[in-house]
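Here's the letter readout for the chains.
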Amino acid sequence: MSNFENLSRRELLRISALSIGGTAFLAACGKQSGVQSSANIASAGSVPSLQPANSGDITDIVLLRTAASLEYNAIDTYNMVIEDGLLTGDFAKLSDAAKRFRDDHVAHAAAINSLVVSLGGKAHECANERVDRLYIQPALKLITTEGNEDTSRDVVALAHALENLATQTYQGVVGSLTSPKLRGDAMRIAHDEARHAVVLAQVLNPGFASVGPTVNEATGKANVASVPSAFGALAIIQVSLGKANAEGVKPSLNMETPSLNGLIYDNVTC
Amino acid sequence: MPIAKQRAPRSAPPKQPTSNDKQLLAFAQEAELAVHDLYATVVSSSKFTGDEAAMLSMFTEHHKAYAQAINGLLGKEATNRRNESIYQTYVGQLTTMQSIYATLQALENTLAKTHIDILGNLEGIDGAQLVASIITAEARHAAVFGTLPTLSLSSALDNPAASIAPASSAPATPETTVAP
């Protein structure tokens, strides 16, 4: 026997009232006739329009074009360092090294773009806009902050971070490239970038004692290391740049290898 | 979402090492064990002290870690024996402090080139990712010997070594040389 058969008249009236009330409430929450909907309802301030992330198929070509774009980030940065004379004082002797690094990146970009073209893709011959906007430009802003007494050192720190970023990018795509030969080609370049990073690490933190990982006891942050771990890491790259605060601590900037929204898809042009 | 996960449905190379991969990885492991033993010989000679000795001990342990990690992929197919040819070729060169650094750098350069060749033939993703992570570390080891005790930019950046990877792993590029 159904339970509804046992309902009293009073209970039936209560259920009816609740149903009518609930329907009215839900109707009030819905879109109203003649009222223009606004994206700003229930928000403080204006909400910028959403821009969908660039997307597409992730192919070997896309991964290699992304790697090429990072090479141009490095080329542009070294060109600026050389042309603007940002290495001064004791760091001026690094100018030859900066030129060598720049030339290596030019060669790497050409090699990667050659692979891209051989796979049927279009060479990408400019920097990764997202890497530039999120990492390099903020870093340069910190470096050139008035009162920063370590401009040259910070330039080297930025270069060191970019070399590590390039190394990690190549190592990171090994798991995604479909061809073993392409993986070998990628790591042939990563091998060079890692060596660049060591030379710069030894400038920032020289000596045998700083080859392996160490920690700055005053700040608790990891010191720059030539060989920071036994295996090549795929981790956030933290770099300290700019004017130090009263405690002597510089602002930190975290860098990560390009992800889905930083890839150079087929439709991305320079 | 990580790129590899996004990509996975479209292309699916094997995850585990193939039988050909295992032969290449076995060679890599034996080479790592030989280099580990060469470093251990240097460390036990007490020619180096303080921070230099600590750095060399660290590199020694790194090579042991590489051999152990490869062992994890090979399982019971791992020989866990050093490559005697590599060991015997280099052990006589570990005499003076200068020749020791030159020899260790040559070894690191050789391993890096060899692993790049091997990587270019590995089908399995697990092995490829492991070898890739070893390549960047060994490139760093080699560069350290070019920066310390004094910086030589070409020594730090250039790798003149030839690959000693088994002939079957040689990619068809002019950049690599294959030893018999």
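Going by the structure above, here's the rest.
Residues numbered from 1 in each chain as written. Chains lettered and ligands numbered in written order. Predicted model: local features only at pLDDT ≥ 70, side-chain atom pairs only at ≥ 80, totals over all residues. Heavy atoms only, no water.

All right, on to helix 4 (residues 84-91) of chain B then. All names here are of chain B. Within helix 4, the full set of buried residues consists of Ile 86, Tyr 87 and Tyr 90. Around the axis of helix 4, the buried residues are gathered within 100° of arc, so they sit on the same side. Where helix 4 is buried, its residues touch helix 2 (19-44) and helix 5 (97-119). For helix 4, the N-terminal cap is Asn 83; the gap from its side-chain oxygen to the backbone nitrogen of Ser 85 is 3.0 Å. (Buried < 20%, exposed > 50% of the residue type's maximum accessible area, 1.4 Å probe, protein only. Helix = DSSP H or I, 4+ residues; strand = E, 2+ residues; numbered from the N terminus. Arc of directions from axis to C-beta. Contact = heavy atoms within 4.5 Å. Polar contact = N/O pair within 3.5 Å; in protein donor to acceptor, adjacent residues only side chain to side chain.)

With 58 residues of chain B at the interface, the matching set in chain A holds 50 residues. At the boundary of chain B with chain A, total buried surface from both sides reaches about 4300 Å², with 69% on carbon and sulfur atoms. There are one salt bridge connecting chain B and chain A. For the pair chain B and chain A, the number of links is 13 residue pairs in polar contact (both at pLDDT 80 or more). Put simply, the parts of the chain that give the side of chain B that touches chain A at least two residues each are helix 1 (3-7), helix 3 (50-74), helix 5, helix 6 (125-147) and helix 7 (153-157) of chain B. If you tally residues by element for the side of chain B that touches chain A, the top one is helix 6 of chain B, at 17 residues. Here the residues of the side of chain B that touches chain A sort into 33 nonpolar, 16 polar and nine charged. (Buried area = accessible area lost by both parts, 1.4 Å probe. Salt bridge = Lys/Arg side-chain N within 4 Å of Asp/Glu carboxyl O. Nonpolar A, V, L, I, M, F, W, Y, C, P; charged D, E, K, R; others polar.)

Remember that the coordinates give geometry; whether it matters functionally is a separate question.
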